[in-house]
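Residues per chain, in single letters:
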Amino acid sequence: MREAPYGTTRFDDFVARVGVTEAVAAQRLRELTDDGLLHRMPYQEPGRRTRYEYRLTDRGRDLAPVLMALYDWGAKHAAPGRRAPPPT
């Protein structure tokens, strides 16, 4: 979920940016879709098979500030002095 507010929508990009296996990414994206945070939409590049991208729903967009607040809190209180910039 942390990558979706930054514009990540495609399966391969989630795998690469989060650093998980394809099986783990598929399971997590399925759960986020089932929970109504992401919406699965078909797309097709010329000459390629239909694939799917994952777009934030209104519910998912409303969760983004909460996630950022938790990130900031953790950086300040759980790991003081080790504050890293938000993922981009």
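Everything below is about the structure printed above this text.
For every chain, the first residue of the written sequence is number 1, and numbering continues from 1 along that sequence. With the structure being a predicted model, the display of local features is reserved for residues of pLDDT at least 70 and the display and counting of side-chain atom pairs for 80 or more, all residues being used for whole-chain, interface and lining totals. As a rule here, side-chain values cover all heavy atoms of the structure and leave hydrogens and water aside.

### Description of the overall build of the protein
- Secondary structure counts use DSSP, requiring at least four H or I residues in a row for a helix and at least two E residues in a row for a strand, with both numbered from the N terminus. Along the protein, the regular secondary structure elements total three helices and two strands.
- When each of the 88 residues of the protein is scored for burial, the buried share is 24%.
- Only heavy atoms enter the contact rule, under which two residues are in contact if any of them lie within 4.5 Å. In the protein, the share of contacts with a sequence separation of at least 24, taken over all contacts with a separation of at least 6, comes to 35%.
- Per element, the accessible surface of the protein, about 6300 Å² overall, is 53% carbon and sulfur. Each residue gets one of three labels from its accessible area relative to the maximum for its type: buried under 20%, exposed over 50%, partly exposed in between, using a 1.4 Å probe on protein chains only. Every accessible area reported is derived by Shrake-Rupley at a probe size of 1.4 Å, with residue values counting cover from the shown protein chains alone.

### Topic: helix H2 (residues 22–34)
- Compared with the 18 Å implied by 1.5 Å per residue over 13 residues, the 18 Å span of H2 between its first and last C-alpha is a close match.
- Listed in full, the buried residues belonging to H2 are Ala-25, Leu-29 and Leu-32. Projected down its long axis, H2 carries its buried residues within an arc of 60 degrees, all on one side. Those residues of H2 that are exposed and aimed more than 90 degrees away from the buried face are Ala-23 and Asp-34.
- Close packing links the buried residues of H2 with helix H1 (11–18), strand E1 (38–43) and strand E2 (51–56).
- At the exit of H2 stands Gly-36, carrying a positive phi of roughly 80 degrees. Expected helix span is given by 1.5 Å per residue-to-residue step, counting one fewer step than there are residues. The arc under discussion is defined with respect to the helix axis, by the directions toward the C-beta atoms.

### What about helix H3 (residues 58–78)?
- For H3, which comprises 21 residues, the first-to-last C-alpha distance of 30 Å matches the rise-based estimate of 30 Å (1.5 Å per residue) to within 8%.
- Ala-64 marks where H3 bends most, by close to 25 degrees; the proline Pro-65 follows one to four residues later.
- Of all the positions in H3, only Gly-60, Ala-64, Gly-74 and Ala-75 are classed as buried.
- Looking at the buried residues of H3, the elements they touch are E2. By definition, a residue's bend is the angle between the axes fitted to the seven residues ending there and the seven starting there.

### Quick notes on the packing of H1 against H2
- With axes taken as lines fitted to C-alpha atoms, and helix axes fitted only over the stretch in contact, angles between N-to-C directions fall between 0 and 180 degrees. Across the interface, H1 lies against H2 with an axial gap of 10 Å and an inter-helix angle of 115 degrees. The pairing of H1 with H2 is recorded here as roughly perpendicular in orientation. Seen along the crossing, H1 lies across H2 with a hand that is right-handed. When H1 is examined against H2, the residues Phe-11, Phe-14 and Val-15 are found in contact with a partner set consisting of Glu-22, Ala-25, Ala-26 and Leu-29.
- Among the residues making up the contact of H1 with H2, the classes are represented as six nonpolar, no polar and one charged. Orientation categories follow fixed angle ranges, with anything under 35 degrees roughly parallel, anything over 145 roughly antiparallel, 65 to 115 roughly perpendicular, and all other angles oblique. Handedness of a crossing follows from how the near helix is turned relative to the far one, being left-handed for an anticlockwise turn of less than a right angle and right-handed for a clockwise one. Polar here means any residue outside two lists: the nonpolar Ala, Val, Leu, Ile, Met, Phe, Trp, Tyr, Cys and Pro, and the charged Asp, Glu, Lys and Arg; Gly therefore counts as polar.

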